[in-house]
Amino acid sequence: MTEFRNTEAYAHELDRQDVLSGFRERFFIPRDAEGNEQIYLCGNSLGLQPKTTKEYIDNELEDWKNLGVEGHVHARHPWMPYHEFLTEKMARIVGALPSEVVVMNSLTVNLHLMMVSFYRPTKERYKILIEYSPFPSDIYAVKSQLEYHGYDAESALIHLKPEEGTDIVSLESYRRILEEEGERIALVMIGGVNYYTGQLYPLAEMTRLAHATGAMIGFDLAHGAGNVRLSLHDVGCDFAVWCSYKYLNSGPGSLAGCFVHERHKDFDGPRLAGWWGHEKESRFRMGPDYIPIPGAEGWQLSNPPILSMAAIMASLDIFDEAGMDRLVEKSRNLTAYTEYLIKAIDSDAIELITPTEPGQRGCQLSIRVKGADKTLFGKISEAGVIADWREPDVVRIAPVPLYNSYLDVFRFVQILRASL
Ligand SMILES: *Cc1c(COP(=O)(O)O)cnc(C)c1O
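Residues numbered from 1 in each chain as written. Predicted model: local features only at pLDDT ≥ 70, side-chain atom pairs only at ≥ 80, totals over all residues. Heavy atoms only, no water.

Draft legend 1. Region of the structure containing the pattern of salt bridges. Under the criterion given, the structure shown has 30 salt bridges. Note that K330 is salt-bridged to D18, the shortest N-O span being 2.7 Å. With K330 in helix α11 (residues 324-343) and D18 in the loop between α1 (8-17) and β1 (39-40), the pair connects residues that are 312 residues apart, well separated along the chain. With respect to class, K330 is no different from D18; both count as buried. A salt bridge links K127 to E181; the nearest nitrogen and oxygen atoms lie 3.3 Å apart. Taken as a pair, K127 in strand β3 (residues 127-130) and E181 in helix α7 (residues 171-181) lie far apart in primary sequence, 54 residues in all. Across this residue pair, the class does not change: K127 and E181 are buried. (Salt bridge = Lys/Arg side-chain N within 4 Å of Asp/Glu carboxyl O. Helix = DSSP H or I, 4+ residues; strand = E, 2+ residues; numbered from the N terminus. Buried < 20%, exposed > 50% of the residue type's maximum accessible area, 1.4 Å probe, protein only.)

Quick look at the structure:
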């Protein structure tokens, strides 16, 4: 791995060897006022637009124009079953059976729907265990669920804790919390890849341990889907949710994914229902009794926004072509190269808070710059880098294997060094 070289010529060489380099051409790379391509390292926040997205959306606008309501049945991709066209492709990305996956709503909405069904507190077992430093929306959602069920959100919520002096959570400390509190924990809800540190948790082990104590477990994979190799069916978690606008390049606020494990296929506990989750054969008989579709589709509420789904289709077709295996392989090398270059800056001010072990991260690297404030971020932005700043002192970058190059990260690190 440290056969890497710290020269621009070598970065070019890696790009020449990269079998996925052609995919960059499929995306619009943002440009500055002079028309120069920027160094876009923010795919963990909003993925770039595929050049094909417009055509996919235009097709639906065209069919709507020409067919009106008949498009539900006669559009080139009929709208009635449109979400089904996404299912297998999405299932491949997260490693699930098609019947375990549905694209619907947005992320936090899906998280709530899943907690309605899988957070089932009892007098003895009512607590929720959440990760260290969770994304704000997740913590708001979890606290509001606790309060909705009549619990005090402070005392009923347990946070994982990082190892002393780091931001990394070990499996050992997770195990300890389950040993101490397991009997009182109803649900474990973890961001599978932490949005702040980029740590990828050991999902299978965490699931096994949660189930062994009798708790349900779900993952928020907003930072995992399209970034790391997932195999949700084998992991065996009860549910998972993720958005499609980060690594999955489906446009701002686009629809989200939802996974419900096969073992809950014929779920008969509580759920919030809507007509789109109703058995397809009898949906249009418009009867008063809810008969859920078996599997994840049974949690759907509304007929979905087709224009947003068309954007997801455009993106998933590209993922299918590139394949998660090849993407993950490039991702590991590209991120390792980025890490190598950052370490070569050789400054005491710089600390990588993301785990260095490739199995414990995706492509994101979170760089703490000690003593820095937002002026540092201003400088790198000025120099053409689009990255992400988290107070008080962390720059998050995500070299995305679909459209980022080795040259991108080489240039970024040069700019970072010059801005220190
Ligand atoms: C991006 C992100 C969200 C955003 O939620 P929306 O409902 O899509 O606005 C929530 N949770 C996590 C962990 C995220 O990374």
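Draft legend 2. Spotlight on the domain arrangement of the protein chain. Looking at the protein chain, the domain boundaries give domain 1 (8-50 + 323-419) and domain 2 (81-320). The C-alpha-based centres of domain 1 and domain 2 are spaced at 28 Å. Each side of the interface is counted separately: domain 1 has 35 residues, and domain 2 has 25 residues. Applying the counting criterion to the domain 1 and domain 2 interface returns two salt bridges. Across the pair D325 and R229 runs a salt bridge whose closest N-O atoms are separated by 2.7 Å. Remark: the boundary between domain 1 and domain 2 carries 13 residue pairs in polar contact (both at pLDDT 80 or more). (Domains from an automatic or database assignment. Contact = heavy atoms within 4.5 Å. Polar contact = N/O pair within 3.5 Å; in protein donor to acceptor, adjacent residues only side chain to side chain.)

Draft legend 3. Representation of the site of the ligand within the structure. Surveying the vicinity of the ligand reveals the residues L107, T108, F135, D138, D220, A222, H223, Y245 and K246. T108 is positioned such that a nitrogen or oxygen atom in its side chain is 2.6 Å from an oxygen atom of the ligand. The side chain of Y245 places a nitrogen or oxygen atom 2.5 Å from an oxygen atom of the ligand. Protein contact buries 84% of the 390 Å² of open area that the ligand shows by itself. Of the residues belonging to the shell around the ligand, the class tally is four nonpolar, two polar and three charged. (Near = heavy atom within 4 Å. Areas by Shrake-Rupley, 256 points an atom, 1.4 Å probe, with all protein chains shown as cover. Nonpolar A, V, L, I, M, F, W, Y, C, P; charged D, E, K, R; others polar.)

Draft legend 4. Spotlight on the nonpolar core. Ranked by internal contacts, the top residues of the largest apolar core, which has 68 residues, are V94, L129, Y174, V188, F219, W242 and L402. Among the elements that line this core, the one with the most residues is helix α10 (residues 306-322), at nine residues. Two domains each provide a minimum of three residues to this core, namely domain 1 (8-50 + 323-419) and domain 2 (81-320). Excluding residues within four positions of it along the chain, V94 makes contact with V101, A225, L230, S231, L232 and W242. (Core = buried A, V, L, I, M, F, W, Y, C linked by side-chain atoms within 4.5 Å.)

Draft legend 5. Main features of the sheet that holds strand β9 (residues 350-352). Taken together, four strands build an open sheet; the order of strands is β9-β10-β13-β12 and the sheet is antiparallel. Unpaired on one side and paired on the other, β9 and β12 (388-390) mark the two borders of the sheet. Across the sheet, the mean angle from the axis of one strand to that of its neighbour is 30°, orientation sign disregarded. Bridging between β12 and strand β13 (residues 394-397) involves three bridges; their strand directions are antiparallel. Its bridge partner lying in β13, D388 is registered against R396. Most of the contacts of α11 go to strand β10 (residues 365-369), to which it runs at about 15°, and overall it touches β9, β10 and β13. (Pairing = 2+ DSSP bridges. Axes fitted to C-alpha atoms, helices over the stretch in contact; angles between N-to-C directions.)

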